[in-house]
Amino acid sequence: MNDIAPALVELLEAARMVRERAYCPYSHFAVGAAVRTASGMIFPGCNIENAAYPVTICAERTALYGAYAAGERDIIGLAVIADTPGPVSPCGSCRQVIFELAPRAIVVLANLHGMLRVTFAHELLPDGFDPASLPQVNR
Ligand code: THU
């Protein structure tokens, strides 16, 4: 972990800490995420489940929506961590959201044992559906 930039280590640490706040009484699978903005702010997020299972929200989206809700638009980093055998793999819905809200971010995927994968939105979702696909009038 020490061979990646200190800013990414800090982001990963924020994700690791917020993971402990995950509300996951149904899956017992806690996920932490943290977003870094160009302005230098960090927005943490964890998964928050619900007895009505489909309304559960993933850690990645909690973090990204928090940043956007705070008026931040320029997302330069995203770290995600979970207790997985290898680096955690974001779900399809989160890949779509990362693709739109954090297209230029460095994405660091990790597990609790120090395994890392560094990637980007376009690698996580090749040929993703983007706003440019919509008619101008709907953008
Ligand atoms: N989950 C995330 O928070 N992020 C992911 O990338 C994968 C899945 C959550 C959703 C749910 O609360 C639990 O993990 C099990 O799917």
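## Overview of the nonpolar core
If you look at the biggest cluster of nonpolar residues, it comprises 22 residues, and the most contacted ones within it are Val35, Leu64, Ile75, Leu78, Val80 and Ile98. Counting 10 residues, the second-largest nonpolar core is a separate cluster that includes Leu11, Ala34, Ala79 and Val108.

## A word on the side chain of Asn47
Mapped onto the elements of the fold, Asn47 is located in the loop between β2 (42–46) and α2 (59–69). Taking the relative accessible area as the measure of exposure, Asn47 reaches 6% and is therefore buried. A polar side-chain atom of Asn47 sits 2.9 Å from the main-chain amide nitrogen of Val31.

## Digging into the pairing of strand β4 (residues 106–111)
Most of β4 is tucked away: five of the six residues are buried. Taken together, the six bridges between strand β3 (residues 75–82) and β4 define a ladder with parallel strand orientation. Paired with Gly77 across the bridge in β4 is Ile106. Remark: the β3/helix α3 (residues 92–101)/β4 crossover connection has right-handed handedness. Between β4 and strand β5 (residues 116–120), which follow one another and run antiparallel, lie four residues, and Gly114 among them has a positive phi close to 90 degrees.

## A few points about the pattern of salt bridges
A side chain with one charge can pair with a side chain of the opposite charge if their charged atoms come near. On inspection of all chains with the given rule, the structure shows four salt bridges. When the shortest N-O distance is used, the salt bridge between Glu123 and Arg117 registers 3.7 Å. Residue classification places Glu123 among the partly exposed positions, given a relative accessible area of 48%. Residue classification places Arg117 among the partly exposed positions, given a relative accessible area of 33%.

Reading the values: the criteria
Residue indices begin from 1 for each chain and proceed along its sequence in written order. The predicted nature of this model means local features are confined to residues of pLDDT at least 70 and side-chain atom pairs, given and counted, to a pLDDT of 80 or more, with totals for whole chains, interfaces and linings taken over all residues. Only hydrogens and water are set aside; all other atoms, that is, all heavy atoms of the structure, feed into the side-chain values. We call a set of buried residues a nonpolar core when its members are Ala, Val, Leu, Ile, Met, Phe, Trp, Tyr or Cys and they connect through side-chain atoms within 4.5 Å of each other. For the exposure calls, accessible area comes from a 1.4 Å probe over protein chains only, and a residue counts as buried if that area is under 20% of its type's maximum, exposed if over 50%, partly exposed in between. A helix here means a DSSP run of H or I that spans at least four residues, while a strand means a run of E at least two residues long, and both kinds are numbered starting from the N terminus. What qualifies as a polar contact is a pair of N or O atoms within 3.5 Å, subject to a donor-acceptor requirement within protein and to the restriction that residues adjacent in sequence count only when both atoms come from side chains. Paired strands, in this sense, are two strands between which DSSP finds at least two bridges. When the strands point away from the viewer, a crossover counts as right-handed if the route from the first strand across the helix to the second turns clockwise. Put simply, a salt bridge is a Lys or Arg side-chain nitrogen that is within 4 Å of an Asp or Glu carboxyl oxygen.

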